[in-house]
Amino acid sequence: MVSRIVGMFKRHRMDDDCLEVRERSSDLIDGDIDEPSERRIKGHIGRCGPCNTFINTLRATVNLLRSTPRQEPSDGFRARVLKSIREDQKS
Ligand SMILES: [Zn+2]
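Residues numbered from 1 in each chain as written. Predicted model: local features only at pLDDT ≥ 70, side-chain atom pairs only at ≥ 80, totals over all residues.

## As for the overall build of the protein
- On a plain count of helices and strands, the protein comes out with 5 helices and 0 strands.
- Reading the secondary structure of the protein in the N-to-C direction produces α-α-α-α-α.
- Burial analysis of the protein (91 residues in total) assigns 10% to the buried set.
- Partitioning the intrachain contacts of the protein with sequence separation of at least 6 by distance along the chain shows that 52% fall at a separation of at least 24. (Helix = DSSP H or I, 4+ residues; strand = E, 2+ residues; numbered from the N terminus. Buried ≥ 20, exposed ≤ 12 C-beta atoms within 10 Å, placed from the backbone. Contact = placed C-beta atoms within 7 Å.)

## Topic: the nonpolar core
- Counting 7 residues, the largest nonpolar core is built from Val21, Ile41, Ile45, Cys51, Phe54, Ile55 and Leu58.
- Going through the elements one at a time, helix 3 (35-47) and helix 4 (49-67) are the ones with two or more residues in this core.
- Of all the elements, helix 4 adds the most residues to this core, at 4 residues.
- Ile41 has contacts with Glu20, Val21, Arg24 and Leu28, leaving out every residue within four places of it along the chain. (Core = buried A, V, L, I, M, F, W, Y, C linked by C-beta atoms within 7 Å.)

## Details of the environment of Asp27
- Within the element layout of this structure, Asp27 appears in helix 2 (residues 16-30).
- On the neighbour-count criterion, Asp27 (15 C-beta atoms within 10 Å) is partly exposed.
- Counting along the chain gives 25 residues from Asp27 to Val2, while the straight-line C-alpha distance between them is 9.2 Å.
- For Asp27, the contacting residues outside a window of four places in its chain are Asp32 and Ile33.

Function-wise, these values are silent; they only describe arrangement.
Written out as structure tokens, the structure is:
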């Protein structure tokens, strides 16, 4: 779920450190990260405005999604989405 959100932010231009923040952001938020990486990434976030905003937005979004009760879509909705994805892949 987190990686889907991360994908939305990947379009911006950035340097290697920024890229690492984007790539490891879900691990960082899940606490699934080794200590040297965590220290390096947090250091970068401290001095890079876009990455700071990125992490804060991602964290807030994840928290929001986790606190929202899960709701199953109706069958009609699911079918429409799947159909539109299939049509998208053809073009
Ligand atoms: Zn950055």
